[in-house]
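A look at the structure
The residues making up each chain are set out below.
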Amino acid sequence: MAFTLTINGQSRNVEVEGDTPLLWVLRDALNMVGTKFGCGAAQCGACTVHLDGVPVRACVTPVRRVGTKAVTTIEGVGSDPVGARVQEAWKTIDVPQCGYCQAGQIMAATALLTAKPRPTDADIDAAMNGNLCRCATYNRIRSAIKAASGQEV
Amino acid sequence: MDKRLASPSRRLFLQTSAAVGGGLLLSFNLPAAGRAAEAAAPSRLNAFVRIARDGTVTIAAKRAEIGQGMKTTLPMLIAEELDVDWAQVRIEQAPVDNAVYGDQWAGGSMSTPQEWEPTRRVGAVARALLIAAAAQRWGLPAAGLVTEPGVVIDPAGKRRLAYGELVEAAAKLPVPDPQALTLKDPARYRIIGKAHPQSDNPAIVTGQPLYGLDVRLPGMLYATFLKAPVFGARVDRVDLAPALAVKGVRAAFVVEGGTALDGLLPGVAVVADSWWTARKGRQALEVVWTDHPASGQSSVAMAARAAELARQAPQRVMRQEGNVETALAGAAKVVEAAYHYPFLAHATLEPQNCTAAWKDGKVEIWAPAQDPEEGRGLVARTLGVAPGDVTIHLTRSGGGFGRRLMNDYMVEAAWIARQAGAPTQLIWSREDDTRHDFYRPAGWHNLTAGLDAQGALVAWRSHAVSFGEGDKFVRAAEVDASQFPARAVANHLQTVSTLPLAVPTGWLRAPGNNAFGWVFQSFIDELAHASGQDPVAFRRRLLGEPRALGKPGGWDNLDTGRMRGVLDRAAEMAGWGRAVAKGTGLGIAAHFSHLGYVAVVIEASVGDDGTPVVHKAWAAVDVGRQILNPSGAEQQVQGSVLDAIGSTLRQKITLENGAVVEGNFGDYPLLRFAEAPPVEVAFVLSDHPPTGLGEPAYPPTPPALCNALFAATGKRIRTLPIGDQLA
Ligand code: FES
Ligand code: FES
């Protein structure tokens, strides 16, 4: 089936089965590999993207359910000022270890800071708990979210 | 265009390239800088540096990057001695070629101790060449010239020549003997010892392709590989038609495979135009597997058999000092305990994957791998090609933890791509990854200790039940009889009995130590409490006077003074002895592994539902006199501590009917954000060469946690994971 998606502000046409998860449409049909595969079962958050600004797990989001919603991925989140601040904080605080989970972490953190510009520790816990980091960079993720929201690290 | 001309002076290459920097580049490598260097360090001396006319320095990162930061840290060592501005440095992953680069594997926390000396010398050689070129230009002796980042300066301080202006001349000079060069005084370091974010961060945070899964080739297909749930079982019957009927599936075939658990195993490959489609094709398959003797294996049966063995005389003595039986008979107090830890998976967040492309009987491979050279050998042997016909490109790895020291997924990809007749990316599902790992072996330890009337430890007897046959252990199941308190207690006996095992096992972060540290440091805590002594004071007493317990340089050469140093520091950081709320406890443990000393204190309590809550962790670390990159160093310690907390709380791999039960993160749970405590890290500097940090902070963490929970609740955890034992 043919689908027209809006991804990072651009219109993209793809020809895939309607049950194909958005993750594999991005990665295999569009060669946008920034969004990662970790579990395929909404358990790790590595595949987090935004649909109209709301963080979702692309691995369990069939492409036919995306409709006209705007898709934002790690490749495009930097054009949003909040996303850009989060990326900057991630670099300077040196959050990544292997880095594989960090696209998903950045997407989750950007959604959090967009909704709550100065999140509390409890807000951060709630927003980030679905994103696993096997390398356990959690201390630095918290610091980076605070730095990106202008709070004391 | 890239043209290299070997110069007569050893292995100095003059390289011209239109692609990089647009000018003449100096590059050189030092495959072996003489016997002296080889004697000093176990690795061979190697590096690869290019300097462009505009002063840009490109440094090849020779080791695999798995999240341990070596792609940044090793170039820092070169840049320091070369004396350049870090901002001018570009980093490239080196091609896999051990003949040129020496060891390129990443494991055992070995990169730092192996590279510390030779890698700095590579930078020093480059600097000496540039100085010699300036000396020639000015007609001055080289000895008087100095450098500042990127420039050579004359003795009067008047004339300056940028490195870029000297490259051409430097490339024609003979390479000096690296061992004859004086390395920089650490007091003058501008790069080493300063926190440097990872060089790949800009690419990571913007989602640029870096990992194995990100490889894209023209015409590339995607593959899944279905293997038997029972390790090594073969395909008996399969109808491939339902898979081939799925739109987009290009091929489906049986791979015969062999019997070696670390080689190519039998299975069914499905290749399609997207991974999702390949997965659909695979789900349409119904495979009947052959009966396999290993299908009788189960965790429950192993535990029962281990308990029987524990009651019998041990099969082998690993270490014996003094007379443990006499000492136990004369002891004022005898304490006994049995400990058990489970199989564990690595669960790298990037599942195992590999991309392979064949052309004219040669294969090109893109892989996240920790030991690519081993992989080359495995691919060559299995597919019947010469090692020279296997080219490997290392990608960044989405986690390693020892999993990617094995190359099973690499040989699978090579095989499937050849049969599919197209470049193919093999991707394992999360369930494949959990069920076809090389597991940290389970084990059982039966301990007996004797204390005299003054509370001194006088006897220590340990009977370990591990996996193996005869006097051979299966991979990573070796019982290391040098573990503390061996050699610190007069009467000591370490024995072992083994069970056969037909499950693939392998190295997981701090192999052996990740289990023994928990067993021994937990039992030492039991002894402290049993004799009414403070756990820190009891450990200090046990460590005694500062002394080395092994041979210099040996992996078992525990220095009790360094251990005491981290123990005291961790206790101080955590405010050991302070009053804590009722239901909260502090626990401590200290362990030596991979040449590093780490003591960890944990503060923890138990929630109303019986869930352990870790409030905070403190880690004191002694890995020598110099921390190479403090940012990466802190990350490795925090990551190891939190990794160990996660596995201790909930992780286990269970075998039933010869197969692994757990599949995804729902039943193999990793530590989550909200339960991760802050980890405060301090480095205790000691006058020893720097050593690695990927592993040594793991082993003391599980016992520190269990000891804290004992202090909080009075309940001793002797079986891992903790799970709901405190509910
Ligand atoms: S890959 Fe989607 S949540 Fe794990
Ligand atoms: S940095 Fe490795 S999984 Fe998060």
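Residues numbered from 1 in each chain as written. Chains lettered and ligands numbered in written order. Predicted model: local features only at pLDDT ≥ 70, side-chain atom pairs only at ≥ 80, totals over all residues. Heavy atoms only, no water.

1. Here we look at the overall build of chain A
Scanning chain A for helices and strands turns up five helices and five strands. Radius of gyration (C-alpha) of chain A: 15 Å, near the 15 Å computed for a compact globule of 153 residues. Considering only residue pairs separated by 6 or more positions, chain A has 55% of its internal contacts joining residues 24 or more positions apart. Counting every atom, chain A has about 5400 Å² of accessible surface; 50% of that belongs to carbon and sulfur. A distance of 3 Å separates the average location of the 15 positive side-chain charges in chain A from that of its 13 negative side-chain charges. (Helix = DSSP H or I, 4+ residues; strand = E, 2+ residues; numbered from the N terminus. Rg over C-alpha atoms; globule rule 2.2 N^0.38 Å. Contact = heavy atoms within 4.5 Å. Areas by Shrake-Rupley, 256 points an atom, 1.4 Å probe, with all protein chains shown as cover. Lys, Arg positive; Asp, Glu negative; His and termini not counted. Charge placed at Lys NZ, Arg CZ, Asp CG, Glu CD.)

2. Considerations on the confidence of the model for chain B
Residue and element names in this part refer to chain B. For chain B, the average pLDDT comes to 91, and 93% of its residues sit at 70 or higher. Considering only residues more than four positions removed or in separate chains, one finds that residues 1-26, a stretch of pLDDT under 50, has 70 contacts. Reported confidence for the predicted complex is 0.99 by ipTM and 0.94 by pTM. (pLDDT = per-residue confidence, 0-100.)

3. A closer look at the domain arrangement of chain A
For interface size, the figure often reported is the accessible area lost on association. Residues and elements named next belong to chain A. We note that the domain assignment places domain 1 (2-72) and domain 2 (77-148) within chain A. When each unit is reduced to the centre of its C-alpha atoms, the spacing between domain 1 and domain 2 is 20 Å. Across the boundary between the two partners, domain 1 contributes 14 residues, which contact eleven residues of domain 2. Between domain 1 and domain 2, the buried area comes to about 960 Å², and carbon and sulfur atoms account for 59% of it. Between the two partners, domain 1 and domain 2, sit zero salt bridges. At the boundary of domain 1 and domain 2, one finds five residue pairs in polar contact (both at pLDDT 80 or more). At the level of elements, strand E3 (48-51) and strand E4 (54-57) are the ones that each hand at least two residues to the side of domain 1 that touches domain 2. Ranked by residue count, the leading element in the side of domain 1 that touches domain 2 is E3, at three residues. (Domains from an automatic or database assignment. Buried area = accessible area lost by both parts, 1.4 Å probe. Salt bridge = Lys/Arg side-chain N within 4 Å of Asp/Glu carboxyl O. Polar contact = N/O pair within 3.5 Å; in protein donor to acceptor, adjacent residues only side chain to side chain.)

4. A word on helix H16 (residues 560-574) of chain B
All names here are of chain B. Between its terminal C-alpha atoms H16 stretches 21 Å, which fits the 21 Å expected from 15 residues at 1.5 Å a residue. Taken residue by residue, H16 has Thr 560, Arg 562, Met 563, Val 566, Leu 567, Ala 570, Ala 571, Met 573 and Ala 574 as its buried positions. Buried residues of H16, viewed axially, fall in a sector of 170 degrees; they line one side. On its buried face, H16 is in contact with helix H15 (535-543), strand E25 (584-593), strand E26 (596-606), strand E27 (612-622) and strand E30 (679-683). The residue sitting at the N-terminus of H16 and contributing the capping side-chain oxygen is Asp 559; that oxygen lies 2.8 Å from the backbone nitrogen of Gly 561. Of the residues trailing H16, Gly 575 is marked for its positive phi of about 65 degrees. (Expected span 1.5 Å × (residues − 1). Buried < 20%, exposed > 50% of the residue type's maximum accessible area, 1.4 Å probe, protein only. Arc of directions from axis to C-beta.)

5. A short note on the pattern of salt bridges
Residues and elements named next belong to chain A. One pass over the structure, following the stated rule, counts 51 salt bridges over all chains. Of the charged contacts in the structure, one is a salt bridge between Arg 140 and Asp 94, with a shortest N-O distance of 3.9 Å. Taken as a pair, Arg 140 in helix H5 (residues 138-148) and Asp 94 in the loop between helix H2 (81-92) and helix H3 (102-115) lie far apart in primary sequence, 46 residues in all. Classification of Arg 140 by relative accessible area gives buried; the value is 8%.

6. Points about helix H5 (residues 163-170) of chain B
Those residues of H5(B) that fall on the buried side of the exposure criterion are Tyr163(B), Gly164(B), Leu166(B), Val167(B) and Ala170(B). Viewed along the axis of H5(B), the buried residues span an arc of 155 degrees, placing them on a single side of the element.

7. Some details on the packing of H3(A) against helix H4 (residues 121-128) of chain A
All names here are of chain A. At their nearest, the axes of H3 and H4 sit 10 Å apart, and the two run at 135 degrees to each other. Viewed along their axes, H3 and H4 adopt a mutual orientation that is oblique. In terms of crossing hand, the pair formed by H3 and H4 is right-handed. Contacts between H3 and H4 involve Gln 105, Ala 108, Ala 109 and Leu 112 on the former and, on the latter, Asp 123, Ile 124, Ala 127 and Met 128. Across the contact of H3 with H4, the residue classes break down as six nonpolar, one polar and one charged. (Axes fitted to C-alpha atoms, helices over the stretch in contact; angles between N-to-C directions. Parallel < 35°, antiparallel > 145°, perpendicular 65-115°, else oblique. Left-handed = near helix turned anticlockwise from the far one by under 90°. Nonpolar A, V, L, I, M, F, W, Y, C, P; charged D, E, K, R; others polar.)

8. Here's the deal with the sheet that holds E25(B)
Residues and elements named next belong to chain B. Strand order in the open sheet formed by four strands is E25-E26-E27-E30, and the pairing between neighbours is mixed. Among the strands making up the open sheet, the edge pair consists of E25 and E30. Taken over all neighbouring pairs, the strand axes of this sheet differ in orientation by 15 degrees on average, direction set aside. Against the sheet, helix H17 (residues 630-650) engages E26, E27 and E30, with an angle of about 135 degrees to E30. (Pairing = 2+ DSSP bridges.)

9. Observations concerning the nonpolar core
With 180 residues, the main nonpolar core has Trp90(A), Trp460(B), Phe467(B) and Ile602(B) as its most contacted residues. Per-element tally for this core: the top contributor is helix H14 (residues 513-530) of chain B, with nine residues. Once residues lying within four places of it in the same chain are set aside, the contact partners of Ile602(B) are Gly585(B), Leu586(B), Gly587(B), Val614(B), Lys616(B), Ala617(B), Trp618(B), Ile645(B), Thr701(B), Ala704(B), Leu705(B) and Ala708(B). (Core = buried A, V, L, I, M, F, W, Y, C linked by side-chain atoms within 4.5 Å.)

10. Some details on the pairing of strand E22 (residues 457-469) of chain B
Residue and element names in this part refer to chain B. Taking burial as the measure, the 13 residues of E22 include ten buried ones, the bulk of the element. Two elements, strand E21 (residues 443-451) and E22, share eight bridges in a ladder whose sense is antiparallel. Within the sheet, the bridge partner assigned to Asn 446 lies in E22 and is His 463. Connecting the antiparallel pair E21 and E22 is a turn made up of five residues, with Gly 455 showing a positive phi of about 85 degrees. Both E22 and strand E24 (residues 491-499) contribute to a ladder of nine bridges, which runs parallel. Within E24, the residue paired with Ser 466 across the bridge is Thr 498. Examined bridge by bridge, E22 and strand E23 (residues 472-473) share two bridges and lie antiparallel to one another.

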